Amino acid sequence: MLSLLIPGPQSPGKDIDVFLRPLIDELKELWVHGLDTRDAAYENGVFRMRAALLWTVNDFPARSSLSGWSGQGYRACPTCNEDTPSMRVIGKTAYFGHRRFLATNHHWRSNLQFDGRTERKRPPRRFSTTDILEQLCRVKTGIPGKHPNYGGVKRKRGDDELNWRKKSIFYELPYWATIELKHNLDAMHIEKNVCDSLLGTLLADPHKSKDTDNARRDLAKLGIRHELHLFEDGNKLMKPAADYTFSEANRRKFCRFIRSVKFPDGFASNMSKKVAQNDSRLLGLKSHDCHVIMQRLLPVGCRSLVTKNIWSTIVELSFFDIMIHLVLHLPDEAILGGPVHMRWMYPFERYLKRLKDYVRNAAKPEGSIAEGYVVDEAFNRPDRNDDGMHPTRQLSVFESQCKPLRKQSYVELDNNDRDKAEFYILNNSPELEPYLNEHKQELHVRPREGCLNINEVHRTEFAGWFFEKIYAMHRMQAPEVTTELLSLSSKTNMVVSSYPACIVNGVRFVTHDRDVRLRTQNSGVSVPGTGQEMFYGQLQQILEFSYLNGFSVVLFRCKWFKCDSKHMVTENNITSIDINGEAYKDDQFILASQAK
């Protein structure tokens, strides 16, 4: 029922408690009396289950309706409460003084760039659950309803009520008053609003930019940033260009960069469709698009288009509405609530979208949703990049499998490449470590002719030595020689299967020659080294090597990039690699299961 409530003028608003009554009654029952629940792992099969509501996750307007704290006005921030730093500017309320949240010895507190003054104020108070409960005791109880005869008369809140409109129905739960994090600030909606404001200002979008004429007049009223004040030139009112907005040429560069970006399959939507035809702005961005832009594209795309100060810390933007202010409280909520993926709206929004897609008859949405849900549960369609179940093997290399995509072809490798691939398979089999060490020991005691490289001899001779040893043990009927070990010691088939694309561990990989023709990019490969280092490369071939008795191993052949300090730079958690530098030309193979 709650999922069918439509936001708008006719939405319940603060009267949402009427619709929450059945839920609250059931939550109280689960907490006080519990419910008999059957569990196969439990000794008696039945145990008494009790449940508690941990927190709620909503966008900011819905949070206001649930919590009872109004998200508008001078005290809009529910965390800062009555200490919300705010002021009235032309046409709206602005929230400022964010340097107060920095450490007392932080150098930005003494920076004069923002408003020409140093910041010496301490952060707002941290209100305890007892403080909040005392405030709610002063709130008058209202009658729910919108009709004038049934509670629909607007009343002015008293100063002692602060921004409280009601005492939430959740306080009927015995434990609710003691919970510190009751209503989460939704990181998804906050990130989207910040992204829209940021992009609108950077791209000077007349509909979304926060750098408006009124904002410039506010700067003049406050007597700060004189270089940005409006001025008259004859009969015209001139607006100086700001450092935090792109020039027309840079706007086109940024939009072309967004248009040219390729992401792995399923990672993001097609960003090229979000760019206007004249390369001047971005249109139709969804919440996840904004997430990808903020996390991946914006730091890279604007690095060369604005000054370093603005790129690293956007300190000159003056659009401090409540959404920008709420960003400051997200770290505190992460400390209280843990990782954000358990506390944002993405899974709920996606599930609601899924339910809405079930509706085929607009006159009967409930029935359509019920029927669609049953059908989906019955067929249990696998995920897009599900590679299925692979058989368990005694030797781990035989578990390096994939779900092939597209048409299979056959290639014939030369002896050198085949030997390198076969040795890589043997050398990356943990079960063969005793045999690898035994062969190295034999090489150390073998008489040397000149200065031979033992590692090179080991690489070229181990496959033949291993084949002879296993077959000798097989003739003696040694119990440790299994069918898999016997097959692995043999040579692979002369003809190798090749695929243009495959799915491994739920990730789609595509060879580079096919990838260049697609709007997505799935040819990138990374592999962790023995230490903390990472190796980055480009997928060239997907090869399946066949052994006796139907066993096979899938290898990736990659072009590896140089990852030294000259060819790889990591700045602000963004790693940039020069793809023109190629490395490890004699060591191109990896197991498909090793690819990330």
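For the structure itself, consult the block above.
First, a word on scope: everything that follows refers to the structure included in this document. If you're wondering where the values come from, they're calculated on a predicted model, not measured in any experiment. (Residues numbered from 1 in each chain as written. Predicted model: local features only at pLDDT ≥ 70, side-chain atom pairs only at ≥ 80, totals over all residues. Heavy atoms only, no water.)

1. Some points on the overall build of the protein chain
Part 1 of the reasoning: When helices and strands are tallied, the protein chain shows 17 helices and 20 strands.
Part 2 of the reasoning: The C-alpha atoms of the protein chain give a radius of gyration of 32 Å, which is well past the 25 Å a tight globule of 596 residues would have.
Part 3 of the reasoning: Along the three orthogonal principal directions, the C-alpha set of the protein chain runs to about 95 × 80 × 50 Å.
Part 4 of the reasoning: Relative to its 596 residues, the protein chain shows a buried fraction of 41%.
Part 5 of the reasoning: A separation of at least 24 residues holds for 62% of the contacts in the protein chain among residues at least 6 apart in sequence.
Part 6 of the reasoning: For the protein chain, the accessible area works out to roughly 35,300 Å², and carbon and sulfur atoms hold 52% of it.
Part 7 of the reasoning: The distance from the centre of the 84 positive side-chain charges to the centre of the 74 negative ones in the protein chain is 8 Å. (Helix = DSSP H or I, 4+ residues; strand = E, 2+ residues; numbered from the N terminus. Rg over C-alpha atoms; globule rule 2.2 N^0.38 Å. Buried < 20%, exposed > 50% of the residue type's maximum accessible area, 1.4 Å probe, protein only. Contact = heavy atoms within 4.5 Å. Areas by Shrake-Rupley, 256 points an atom, 1.4 Å probe, with all protein chains shown as cover. Lys, Arg positive; Asp, Glu negative; His and termini not counted. Charge placed at Lys NZ, Arg CZ, Asp CG, Glu CD.)

2. Focus on the sheet that holds strand β9 (residues 403–405)
Part 1 of the reasoning: Read across the sheet, 3 strands follow the order β9-β12-β13 without closing on themselves; strand pairing throughout is antiparallel. Whereas interior strands pair on both sides, the edge strands pair on one side only; in this sheet they are β9 and β13 (507–510). For this sheet, the mean inter-axis angle between neighbouring strands, taken without regard to orientation, is 25°.
Part 2 of the reasoning: Here 4 bridges tie strand β12 (residues 501–504) to β13, and the two strands are oriented antiparallel to one another. Paired with Val 504 across the two strands is Val 507, which belongs to β13. (Pairing = 2+ DSSP bridges. Axes fitted to C-alpha atoms, helices over the stretch in contact; angles between N-to-C directions.)

3. Section: the environment of Leu 488
Part 1 of the reasoning: Considering the arrangement of structural elements, one finds Leu 488 in helix α16 (residues 483–489).
Part 2 of the reasoning: What makes Leu 488 buried here is its relative accessible area of 1%.
Part 3 of the reasoning: For the pair Leu 488 and Asn 549, spaced 61 residues apart in sequence, the C-alpha separation works out to 10.0 Å.
Part 4 of the reasoning: Beyond its immediate stretch of four places on either side in the chain, Leu 488 contacts Leu 395, Val 397, Phe 398, Ile 425, Leu 426, Ser 429, Leu 432, Phe 466 and Tyr 547.

4. Things to note about the environment of Arg 120
Part 1 of the reasoning: Within the secondary structure, Arg 120 is located in the loop between β5 (92–95) and α3 (129–136).
Part 2 of the reasoning: A relative accessible area of 73% means that Arg 120 is categorised as exposed.

5. Some remarks on the pattern of salt bridges
Part 1 of the reasoning: Applying the stated criterion to the full structure yields 26 salt bridges.
Part 2 of the reasoning: The partner of Asp 376 in a salt bridge is Arg 354, with the nearest N and O atoms 2.8 Å apart. Within this pair, whereas Asp 376 is found in helix α12 (residues 365–379), its partner Arg 354 is found in helix α11 (residues 346–357), the two being separated by 22 residues in sequence.
Part 3 of the reasoning: Accessibility expressed as a relative area gives 24% for Asp 376, which makes it partly exposed.
Part 4 of the reasoning: Here Arg 354 falls in the partly exposed class, since its relative accessible area comes to 38%.
Part 5 of the reasoning: Across the pair Lys 420 and Asp 586 runs a salt bridge whose closest N-O atoms are separated by 3.3 Å. Here the residue Lys 420 occupies a position in helix α13 (residues 415–427), and Asp 586 occupies one in the loop between β19 (582–583) and β20 (589–591), the gap between them amounting to 166 residues.
Part 6 of the reasoning: A relative accessible area of 17% places Lys 420 in the buried class.
Part 7 of the reasoning: For Asp 586, a relative accessible area of 62% puts it in the exposed group.
Part 8 of the reasoning: One continuous salt-bridge network, built from bridges that share partners, spans Arg 21, Asp 25, Lys 28 and Glu 172. (Salt bridge = Lys/Arg side-chain N within 4 Å of Asp/Glu carboxyl O.)

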